[in-house]
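Analysis of the macromolecular model
Below, each chain spelled out in residue letters.
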Amino acid sequence: MSWADAYAVARDTAKPLAAELTRVVEATGRVLAAAVRCERPVPAFDNAAMDGFAIAGDGPWTVRGRVLAGRPADGGRLLPGTAVEIATGALLPDGAEAVLPYEDCRVEDDLVIEVAATEDRPDGRPAGDQTGPRRKRHIRRAGDALSPGTLIAPAGRIVTATVAAAALQAGAEQVLAHRRPTVTMLVTGDEVITEGSPGPGQVRDTFTGLVTAITARAGGRLDISRRLPDDPAALGEALHGACSDVIVVSGSSSAGAADHLHRLLDEAAATWLVRGVACRPGHPQALAVLPDGRHVVSLPGNPYAGLVAALTLLEPLVAALAGRPPAPLPTATVTGPVRLMAGGVRIVPIGPAGDLAAAGPVGLHAAAVAGALAVLPDDWTDGDPAVTLTVP
Ligand SMILES: Nc1nc2c(c(=O)[nH]1)N[C@H]1C(S)=C(S)[C@@H](COP(=O)(O)OP(=O)(O)OC[C@H]3O[C@@H](n4cnc5c(N)ncnc54)[C@H](O)[C@@H]3O)O[C@H]1N2
Ligand code: MOO
């Protein structure tokens, strides 16, 4: 299968997971299945926009008390000629007509006197003409910022931190969001170790962190990573027992004596969606779906090849399950020498300026330095644009 078809199959085949009511504080990264609308006015009550004195009628005003944010005003309705000291955001007492900021008044005993246009203010700034009908009221009325029914975020939108904060502000404690896809990682290989320095014949696992990051970026969550020996029974059992939406298997993708994955998936009556891709590196990658709906992504064991496969199959699959709308891949102008792959694509690290770096199927350093990969078809020529994949 061509690389473009494999990517499209991974992106377009799976349906979004079911929607469920979710606490907003736990919904970040998930996709809304229904629009979020404002449920209560913001602000929810009339309040002071400045620190100072809430006043009624004409001054000077006799100070009757103090209201701080978070506490109801006491003393009942504010009568003409009286004031209460008030904090920004505090509930405005009934009867208050304006808030006089501290800067615009002075206090003598229990009287608040508005600073006249001709007087210097207590803080030394000139008063300006603050009196008369054009004086600012410094009152925020209930619903000034947002009224019930206003759209906070449409269906299909990812719940970002700002969407979550806006929803909470608007009174939504729960939202309807697609379930977050879960991933189990099975790291196969007798030689693979998950901690410390490799002994003779051993290699350090490079996949768990990459799969965690790619899964999270697509809106999913890696629940568990297990290392398995090259034993078909162990792999079969692990595949059977993994209770997640996606199972990622690293290694065991090829034709060696210890590569059992394909036979096990056939025995489990899996449907192959992708089985080998015309790309280099990463051609043994595969995507299958088990009869119970769980997806299996097979990453070739060579680390750079596995990274290519995770970006080709895992990321679009998890994004689709999460309900994310498909976004076109970015393109960049790419320059430099490369050996293309006849009949397929070569996937090569590129720096920020689009300059190619050489990379074999094993080393990850070139991708780490470059930050992105370019997908080069066999008719690509130096300076042509190409689709790119961002490395996690
Ligand atoms: N006769 C054939 N041999 C191979 C073919 C083929 O088509 N015919 N394809 C080659 C290609 S391309 C690749 S890629 C690899 C894929 O191998 P597997 O997915 O079966 O993986 P292994 O054989 O277990 O390991 C390959 C290589 O990767 C290292 N490895 C494995 N897991 C990890 C890990 N978690 N972290 C770091 N490195 C890992 C492993 O030690 C091997 O060096 O097959 C070719 N052979
Ligand atoms: O997937 Mo393999 O060499 O193409 O590394």
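Cut-offs used in this document
Residues numbered from 1 in each chain as written. Chains lettered and ligands numbered in written order. Predicted model: local features only at pLDDT ≥ 70, side-chain atom pairs only at ≥ 80, totals over all residues. Heavy atoms only, no water. UniProt positions renumbered as here; feature names shortened; annotations may be inferred. Core = buried A, V, L, I, M, F, W, Y, C linked by side-chain atoms within 4.5 Å. Buried < 20%, exposed > 50% of the residue type's maximum accessible area, 1.4 Å probe, protein only. Contact = heavy atoms within 4.5 Å. Helix = DSSP H or I, 4+ residues; strand = E, 2+ residues; numbered from the N terminus. Arc of directions from axis to C-beta. Polar contact = N/O pair within 3.5 Å; in protein donor to acceptor, adjacent residues only side chain to side chain. Near = heavy atom within 4 Å. Areas by Shrake-Rupley, 256 points an atom, 1.4 Å probe, with all protein chains shown as cover. Nonpolar A, V, L, I, M, F, W, Y, C, P; charged D, E, K, R; others polar. Pairing = 2+ DSSP bridges. Axes fitted to C-alpha atoms, helices over the stretch in contact; angles between N-to-C directions. Phe/Tyr/Trp six-rings, centres within 6.5 Å; stacked < 30°, edge-to-face > 60°. Lys NZ or Arg CZ within 6 Å of the ring centre and 35° of its normal.

As recorded in an unreviewed UniProt entry, the protein goes by Molybdopterin molybdenumtransferase and comes from Actinoplanes philippinensis. Its UniProt record gives the protein a comment under Sequence similarities (unreviewed entry), which states: "Belongs to the MoeA family." Taken verbatim from the UniProt record of the protein, the Catalytic activity (unreviewed entry) comment is "adenylyl-molybdopterin + molybdate = Mo-molybdopterin + AMP + H(+)".

1. Comments concerning the nonpolar core
By size, the foremost hydrophobic cluster in this structure holds 46 residues, and its most contacted members are Trp 3, Val 248, Val 297, Leu 314, Ile 347 and Leu 373. In contact with Val 297, not counting residues within four places along its chain, are Val 246, Ile 247, Val 248, Val 249, Ala 286, Leu 287, Leu 313, Leu 314 and Leu 317. Counting 17 residues, the second-largest nonpolar core is a separate cluster that includes Val 24, Ala 27, Leu 32 and Ala 177.

2. Description of helix 4 (residues 232-241)
Looking only at helix 4, the buried set comprises Ala 234, Leu 235, Ala 238 and Leu 239. For helix 4, the arc enclosing every buried residue in end-on projection is 130°, short of the 170-degree limit, so these residues lie on one face. Opposite the buried face of helix 4, by more than 90 degrees, sit the exposed residues Glu 237 and His 240. Along its buried surface, helix 4 packs onto strand 13 (182-188), strand 16 (221-228), strand 17 (246-250), helix 5 (261-267) and strand 21 (295-299). Measuring from the backbone nitrogen of Ala 233 back to the side-chain oxygen at the start of helix 4 gives 3.1 Å, which picks out Asp 231 as the cap.

3. Quick word on the site of ligand 1
Surrounding ligand 1, one finds 21 residues, the nearest of these being Glu 191, Asp 205, Ser 253, Ser 254 and Gly 301. Within the side chain of Asp 205, one N or O atom sits 2.9 Å away from a nitrogen atom of ligand 1. One of the side-chain nitrogen or oxygen atoms of Asp 259 is found 3.1 Å away from an oxygen atom of ligand 1. Taking 870 Å² as the accessible area of ligand 1 by itself, protein coverage stands at 67%. Secondary structure elements with two or more residues in the shell around ligand 1: strand 13 and strand 15 (203-204).

4. With respect to the side chain of Glu 85
Relative to the assigned elements, Glu 85 resides in strand 6 (residues 82-86). Reaching out from Glu 85, the side chain makes a polar contact with the side chain of Arg 66 at a distance of 3.3 Å. Among residues more than four places away in sequence, those in contact with Glu 85 are Gly 52, Phe 53, Val 63, Gly 65, Arg 66, Val 67 and Tyr 102.

5. Structural notes on the site of ligand 2
Around ligand 2 lies a shell formed by Pro 281, Gly 282, His 283, Pro 284, Pro 300, Asn 302, Ala 305 and Pro 361. A distance of 2.7 Å is found between an oxygen atom of ligand 2 and a backbone nitrogen or oxygen belonging to Gly 282. Taking Asn 302, its side chain carries an N or O atom lying 3.2 Å from an oxygen atom of ligand 2. Counted by class, the shell around ligand 2 contains five nonpolar, three polar and no charged residues.

6. Observations concerning the sheet that holds strand 7 (residues 98-101)
The strand order 7-4-6-5-9-8 describes an open sheet built from six strands, whose pairing is mixed. Since the sheet does not close on itself, it has two edges, and those belong to strand 7 and strand 8 (105-108), each with one partner. Each neighbouring strand pair of the sheet contributes to a mean axis angle of 40°, computed without reference to strand direction.

7. Focus: the sheet that holds strand 13
Spatial strand order, 16-13-17-21-20-18: six strands in an open sheet with mixed pairing. Lying at the two open borders of the sheet, with one neighbouring strand each, are strand 16 and strand 18 (271-275). Put simply, the sheet's adjacent strands are angled 15° from each other on average, direction ignored. As paired elements, strand 18 and strand 20 (residues 286-289) share four bridges and run antiparallel to each other. Across the sheet, Thr 271 pairs through a bridge with Val 289, a residue of strand 20. Across the face of the sheet, helix 6 (residues 303-321) comes into contact with strand 13, strand 17, strand 18, strand 20 and strand 21 while running at roughly 165° to strand 21.

8. Concerning the packing of aromatic side chains
Tallying each qualifying case throughout the model produces two aromatic pairs. Seen from their ring centres, Trp 3 and Tyr 7 are 5.4 Å apart, and the 25° between their planes marks the pair as stacked. Highlighted residues: Trp 3 and Tyr 7, both in helix 1 (residues 3-12), separated by four residues, approximately one helical turn. On the accessibility criterion, Tyr 7 (11% relative accessible area) is buried. Both rings, one in Phe 53 and one in Tyr 102, keep their centres 5.6 Å apart while their planes meet at 85°; by these two values the pair is edge-to-face. Here Phe 53, found in strand 4 (residues 52-55), pairs with Tyr 102, found in the loop between strand 7 and strand 8; they are 49 residues apart in sequence, far enough to count as distant. With a relative accessible area of 3%, Phe 53 lands in the buried category. Using a relative accessible area of 37% as the deciding quantity, one classes Tyr 102 as partly exposed. Directly above the aromatic system of Trp 272 lies the positively charged group of Arg 275, at a separation of 4.0 Å from the ring centroid.

9. Structural notes on the pairing of strand 25 (residues 385-390)
Pairing geometry for strand 22 (residues 331-333) and strand 25, over three bridges, is antiparallel. Each residue of the ladder has a partner; that of Thr 331, found in strand 25, is Val 387. Alignment of strand 24 (residues 372-376) against strand 25, held across four bridges, turns out to be antiparallel. Following the sheet pairing, Ala 372 is matched in strand 25 by Thr 390.

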